Amino acid sequence: MQLVRQDPFAIFQDLNRWFDTSSPKMSEWMPRLDVMADDDKWIVRAEVPGVEADAIDITVEDGLLTIQGSRSFESETKEEAYTRKEIYEGSFSRSVRLPKGIDAEAITATHKNGVFEITVPKAAEVLPKRVPVSVD
């Protein structure tokens, strides 16, 4: 069984973020992530519509996968012209702690339809090994 630390005040942060969506200035946002485990790899998907591939920086350091970037919409629309602004702009950073036994040199990333998919292969030494059984 794995213990998970719970933050009893996290709901208030979510509520504040929800109430702040009507604010005309939103400079911080966090893309949604999916993290999946397969037999031989981990897959991390980041939902970042409107972000070009060259505006993303993906790093792995000490077992921490970090996705950083920014999004802005270049236009001549003045801030005062908005009656409602809900699309987040600005920089973002998300980090995921990777388990031990990954092959950091073989990590790959792809970008399609606003979703970045990062494939983190498991190291050969942590993969299950099949032992042949001989019959006498």
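For the structure given in this document, a descriptive report is provided here. Small disclaimer: the values here were computed from a predicted structure and weren't measured.

Right, let's talk about the side chain of threonine 119 for a bit. Looking at where threonine 119 falls in the secondary structure, it is placed in strand 7 (residues 115–121). For threonine 119, the residues in contact, after removing those within four places along its chain, are Lys41, Trp42, Ala106, Ile107 and Thr108.

Moving on, we get to the sheet that holds strand 6 (residues 108–112). What the 4 strands build is an open sheet, ordered 1-2-7-6; its pairing is antiparallel. Of all strands in the sheet, those with a lone pairing partner are strand 1 (32–37) and strand 6, marking the two edges. Put simply, the sheet's adjacent strands are angled 15° from each other on average, direction ignored. Where strand 6 lies against strand 7, 5 bridges are found, and the strand directions are antiparallel. Among the inter-strand pairings, alanine 109 is bridged to a residue of strand 7, identified as isoleucine 118.

Rules behind the numbers
- Residues numbered from 1 in each chain as written.
- Predicted model: local features only at pLDDT ≥ 70, side-chain atom pairs only at ≥ 80, totals over all residues.
- Heavy atoms only, no water.
- Helix = DSSP H or I, 4+ residues; strand = E, 2+ residues; numbered from the N terminus.
- Contact = heavy atoms within 4.5 Å.
- Pairing = 2+ DSSP bridges.
- Axes fitted to C-alpha atoms, helices over the stretch in contact; angles between N-to-C directions.

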